[in-house]
Amino acid sequence: MRKADMIIGVPRETYPDERRVALVPGLLTQLQTLGLEVILESGAGLQAGFPDAEYQDQGGRVAFQRAEVFALADILLQVRGLGANPGPGPADLAMLRSGQALLGFFNPLGAPGAMVELARRGVTVLALELLPRISRAQPMDALTSMAVVAGYKAVLLAADALPRMFPMMVTAAGTITPARVFVVGAGVAGLQAIATARRLGAVVEAYDVRLAAKQEVESLGAKFVELALEGADAGGAGEYAAAMNEDFYRRQREMMARVVAASDVVITTAAVPGKKAPLLVTGDMVQKMRPGSVIVDLAAESEGNCELTRPGATVKADGVTILGPVNLPSTIPFHASQMYARNLVAFLRVLVKDGQLEIDLEDPIIRDTLVTHQGEVFSQRVRDRLMPPGVDPAANQR
């Protein structure tokens, strides 16, 4: 076997209740073919169902000290790096060294100040949240992978909280009518929620500001709700909807109120990276829902699509249960870790050439995800977030 040129480090995740791991044992051989050796912190994969022994069986090395992983690794793979791990994350800063590369989720648009701290350490940060929406980048699209998991789990949470069954059933005691589910947002998470609710037997309706989503919704057996709103076709980049102004959202809420009131379950998925989620379901709309109805707000981490949502909490209002789950992919850590790790390995195939890290700024995958490099905040999108309104970012560049 060829001698490893670089070392990949996988530290244990420290974000509260984070059970995923950035690399799974079955992918170590693929990294070895790239000339990469793997060292991971002991117990890094345990909560996801991957014990240390499985990594060792695949040629990985286990370190019992976190500092050893940071000291030896040329590239660190994380699920939640600094910025996406605001509590315990800063404790790792002192262990980083200039020239090291970090790959994972960093919330660079939501926490630009943390990116400045990483730049000061001289590390190269590549944030998966900024991956361009191009076909070549699809195997690396971790946001999409995790949205699939979140959409699936959202329906299971709703089914558990709803005081009725999802499918229509004919029993000796009579016919049970199916639950009515309304999914707001037909992106990746929304489409997965639609598919899962349909498999459970619910009658599903869905709405999206992008009219192009209608065909996808109907292909899954759901009804597409069309709202007669001027400027409603807000197609964004790739599968993302563009952010709209508050007047549009106000008119949208008025049009949606009837559908929300008739639904047993409402699942909202509208989020804009680095920004507050749009308000789609008001307290007044909740009041008009039938007692026992359930709302699952997948935008809870960015203040929620429902006015009554509280991140990480269950709220009861007017007989309606509002769930504000956070970090849903972590609740299914085995498969979420598998999917995420495949995304990272695909990215490493672009990033590593002949066993060496290669920052090719001509490649949009690397250029767009590159947040910090050579002591600077490289990403223009992040630099813009650091500037006060009315200030020219170019005036502060060296």
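Residues numbered from 1 in each chain as written. Predicted model: local features only at pLDDT ≥ 70, side-chain atom pairs only at ≥ 80, totals over all residues. Heavy atoms only, no water.

Participant: So what about the overall build of the protein chain? Which residues, and what values?
Facilitator: When helices and strands are tallied, the protein chain shows 12 helices and 19 strands. Over its C-alpha trace the protein chain gives a radius of gyration of 22 Å, about what one expects of a compact globule, namely 21 Å for 398 residues. For the C-alpha atoms alone, the extent of the protein chain along its principal axes is close to 70 × 55 × 35 Å. Across the 398 residues that make up the protein chain, the buried fraction comes to 51%. The long-range fraction of contacts in the protein chain, counting pairs at least 24 apart against all pairs at least 6 apart in sequence, stands at 69%. Carbon and sulfur atoms provide 53% of the accessible area of the protein chain, an area that totals close to 17,400 Å². Here the protein chain contributes 39 positively and 43 negatively charged side chains, and the mean placements of these two sets differ by 3 Å. (Helix = DSSP H or I, 4+ residues; strand = E, 2+ residues; numbered from the N terminus. Rg over C-alpha atoms; globule rule 2.2 N^0.38 Å. Buried < 20%, exposed > 50% of the residue type's maximum accessible area, 1.4 Å probe, protein only. Contact = heavy atoms within 4.5 Å. Areas by Shrake-Rupley, 256 points an atom, 1.4 Å probe, with all protein chains shown as cover. Lys, Arg positive; Asp, Glu negative; His and termini not counted. Charge placed at Lys NZ, Arg CZ, Asp CG, Glu CD.)

Participant: Now, about unusual backbone geometry: what can you tell me, with residues and values included?
Facilitator: With a phi close to 50°, N107 is a non-glycine residue in the positive phi region. For N107, the position within the fold is in the loop between β5 (101–105) and α4 (112–120). A residue is classified by how much of its surface remains accessible, and N107, at 30% relative accessible area, is partly exposed.

Participant: Could you give an account of helix α6 (residues 188–199), naming the residues involved and the relevant values?
Facilitator: Its 12 residues place the ends of α6 17 Å apart at the C-alpha level, agreeing with the 16 Å of an ideal helix rising 1.5 Å per residue. Taking burial as the measure, the 12 residues of α6 include nine buried ones, the bulk of the element. Here α6 has its buried residues at A189, G190, L191, Q192, A193, I194, A195, T196 and A197. The inward-facing, buried residues of α6 contact α5 (142–161), β9 (180–184), β10 (203–207), α7 (213–219) and β12 (265–268). The positive-phi residue at the C-terminal boundary of α6 is G201, with phi of around 100°. (Expected span 1.5 Å × (residues − 1).)

Participant: Before we move on, can you summarise the sheet that holds strand β11 (residues 223–224) with the specific residues and values?
Facilitator: Each strand in a sheet pairs with another by means of backbone hydrogen bonds, the pair being arranged parallel or else antiparallel. Here we have seven strands laid out as an open sheet, ordered β11-β10-β9-β12-β13-β15-β14, and mixed in their pairing. Looking at the sheet topology across the chains shown, the edges are occupied by β11 and β14 (314–317). Two strands pair when backbone bridges link them, and β14 and strand β15 (residues 320–323) are joined in this way by four bridges, in the antiparallel orientation. Residue pairing in the sheet places K316 in a bridge with T321 of β15. Sheet strands in contact with α5 are β12, β13 (294–297) and β15, and its direction is about 155° off that of β13. (Pairing = 2+ DSSP bridges. Axes fitted to C-alpha atoms, helices over the stretch in contact; angles between N-to-C directions.)

Participant: Kindly report on the packing of α5 against helix α10 (residues 333–351), identifying the contributing residues and their values.
Facilitator: Taken N-terminus to C-terminus, the directions of α5 and α10 make an angle of 170°; their axes are 9 Å apart at the nearest point. As summarised for this structure, α5 and α10 are arranged roughly antiparallel, according to the angle between their axes. For the crossing formed where α5 meets α10, the hand is right-handed. Across the interface between the two elements, A142, S145, M146, V148 and V149 from α5 touch A336, M339, Y340 and N343 from α10. (Parallel < 35°, antiparallel > 145°, perpendicular 65-115°, else oblique. Left-handed = near helix turned anticlockwise from the far one by under 90°.)

Participant: A description of the side chain of Q78 should follow, citing residues and the corresponding values.
Facilitator: By the element assignment, Q78 lies in strand β4 (residues 75–80). Judged by relative accessible area, Q78 falls into the buried class, the value being 7%. Not counting residues within four places of it along the chain, the set of residues in contact with Q78 comprises P11, E13, A22, D92, L102, L103, G104, F105, F106 and Y340.

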